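# Architecture at a glance
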Amino acid sequence: MIFNTLDSPDFAKQRKELVKSIEKRGISDKKVLDAIRKTPRHIFMDKYFVDKSYQDHAFPINCGQSISQPFTVGFQTQLLSVLPGDKILEVGTGSGYQTAILLEMGAKVYTIERQYELYLQAKSLFEGNKFNLKMFFTDGYKGLPEYSPFDSILLTAAAPTVPQELINQLKCGGRMVAPIGGKQGQRMMLIEKLDNGSCKYTDYGAFMFVPMVSGTKK
Ligand code: SAH
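Scope of this entry: the structure provided in the associated data block. (Residues numbered from 1 in each chain as written. Predicted model: local features only at pLDDT ≥ 70, side-chain atom pairs only at ≥ 80, totals over all residues. Heavy atoms only, no water.)

Inspection of the region around the ligand gives 26 residues, with Ser68, Ser95, Glu113, Gly140 and Val213 positioned closest. Arginine 114 places a polar main-chain atom, nitrogen or oxygen, 3.3 Å from a nitrogen atom of the ligand. In the environment of the ligand, a nitrogen atom lies 3.5 Å from a nitrogen or oxygen atom belonging to the side chain of threonine 156. Burial of the ligand by the protein chains amounts to 99% of its free accessible area of 580 Å². Of all the secondary structure elements, the ones that give two or more residues to the shell around the ligand are β2 (66–67), β3 (87–91) and β4 (108–113). Tallied by class, residues from the shell around the ligand come to 10 nonpolar, 12 polar and 4 charged. (Near = heavy atom within 4 Å. Polar contact = N/O pair within 3.5 Å; in protein donor to acceptor, adjacent residues only side chain to side chain. Areas by Shrake-Rupley, 256 points an atom, 1.4 Å probe, with all protein chains shown as cover. Helix = DSSP H or I, 4+ residues; strand = E, 2+ residues; numbered from the N terminus. Nonpolar A, V, L, I, M, F, W, Y, C, P; charged D, E, K, R; others polar.)

With that settled, the discussion passes to the packing of aromatic side chains. The final tally for this structure, using the stated rule, is 16 aromatic pairs. A centroid spacing of 6.5 Å and a plane angle of 10° characterise the contact between tyrosine 110 and phenylalanine 136, whose relative ring orientation is stacked. Of the two residues, tyrosine 110 sits in strand β4 while phenylalanine 136 sits in strand β5 (residues 133–137), which places them 26 residues apart along the sequence. When sorted by exposure, tyrosine 110 lands in the same class as phenylalanine 136, which is buried. One residue, arginine 25, lies across the ring of phenylalanine 71, its end atom 3.9 Å from the ring centre. (Phe/Tyr/Trp six-rings, centres within 6.5 Å; stacked < 30°, edge-to-face > 60°. Buried < 20%, exposed > 50% of the residue type's maximum accessible area, 1.4 Å probe, protein only. Lys NZ or Arg CZ within 6 Å of the ring centre and 35° of its normal.)

As a further point, take helix α3 (residues 70–80). For α3, a buried count of 10 out of 11 residues is recorded, marking the element as mostly surrounded by other parts of the structure. Taken residue by residue, α3 has Pro70, Phe71, Thr72, Val73, Gly74, Phe75, Gln76, Thr77, Leu79 and Leu80 as its buried positions. Phi turns positive one or two residues past the end of α3, at serine 81, with a value near 50°.

In space, the 7 strands of this open sheet follow the order β5-β4-β3-β6-β7-β8-β9, with mixed pairing throughout. Across the chains shown, the open sheet's two edge strands, defined by having one partner strand only, are β5 and β9 (199–207). Direction aside, the axes of adjacent strands within the sheet are offset by 15° on average. Examined bridge by bridge, β4 and β5 share 5 bridges and lie parallel to one another. Pairing of glutamate 113 across the sheet is with phenylalanine 137, part of β5. Seen against the sheet, helix α4 (residues 97–104) touches β3, β4, β5 and β6 (150–155) and runs at an angle of roughly 170° to β4. Sitting on the sheet, helix α5 (residues 116–126) touches β4 and β5, and the angle it makes with β5 is about 160°. (Pairing = 2+ DSSP bridges. Axes fitted to C-alpha atoms, helices over the stretch in contact; angles between N-to-C directions. Contact = heavy atoms within 4.5 Å.)

Attention now goes to α5. Listed in full, the buried residues belonging to α5 are Leu118, Tyr119, Ala122 and Phe126. Axial view of α5: buried residues confined to an arc of 100°, hence all on one face. Those residues of α5 hidden inside the fold are in contact with α4, β4 and β5. Immediately downstream of α5, the backbone of glycine 128 shows phi near 85°, a positive value. (Arc of directions from axis to C-beta.)

Now for the pairing of strand β8 (residues 185–193). By the criterion of burial, β8 is predominantly enclosed, with 7 of the 9 residues buried. As paired elements, strand β7 (residues 170–182) and β8 share 8 bridges and run antiparallel to each other. Across the sheet, residue alanine 178 finds its bridge partner in β8, namely methionine 189. Counted between consecutive antiparallel strands, the loop separating β7 from β8 contains 2 residues. Here β8 runs beside β9; their pairing, made up of 7 bridges, is antiparallel. The residue of β9 that forms the bridge with arginine 187 is alanine 206. Hairpin geometry of β8 and β9 is characterised by an intervening segment of 5 residues between the two adjacent antiparallel strands and by a positive phi of about 90° at glycine 197.

This is how it looks when you write it as structure tokens:
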């Protein structure tokens, strides 16, 4: 476990059960399951829901946003095919839970949040530890051109269409995982940027995320 934090045997047991249940639902990548088993979701939860940390549900966090459902975190992470040392751009830090999973898998993470309050809150959770992590308060639609290209890009908020600026920041041979669509629901898309710069799109089914919104909010 990369987090040096308070855990309890009860939470550890609940995490094991959670991992069993998402494995049954189709998450098969052992490295992803292992990261979920090792990551203390309870430190990323709103204090009113801490006792529900290991239920396989999304829960409200500040600013009207939500911490993703563990199954969804597993699903997106599995599609990213993370390798240790991968340089990953995450759009939508939110609670920081997905960020922690990527770090646990050995990635170098660049994460962006547009809500200042959430940015500060997540930043405080990672402070004091030597993580391979850079956090940014900016608009994810712009990405981080100065740090590009990225091995992979993960959107944890729904965009109406695949943001071209982010495709530009993906390396050839890289992968982007993004929920694409509107309020009625989205499709989980895997976008593989081929060596000739063109993209291959694969649809991985229906999901529901909060929307990706342009601009920042203080
Ligand atoms: N992975 C996070 C998901 C949080 S919800 C978790 O499990 O906690 C999605 C987040 O995306 C929200 O915090 C929202 O503020 C953020 N977001 C929406 N549009 C954004 C944008 N344009 N740039 C950066 N972050 C954005």
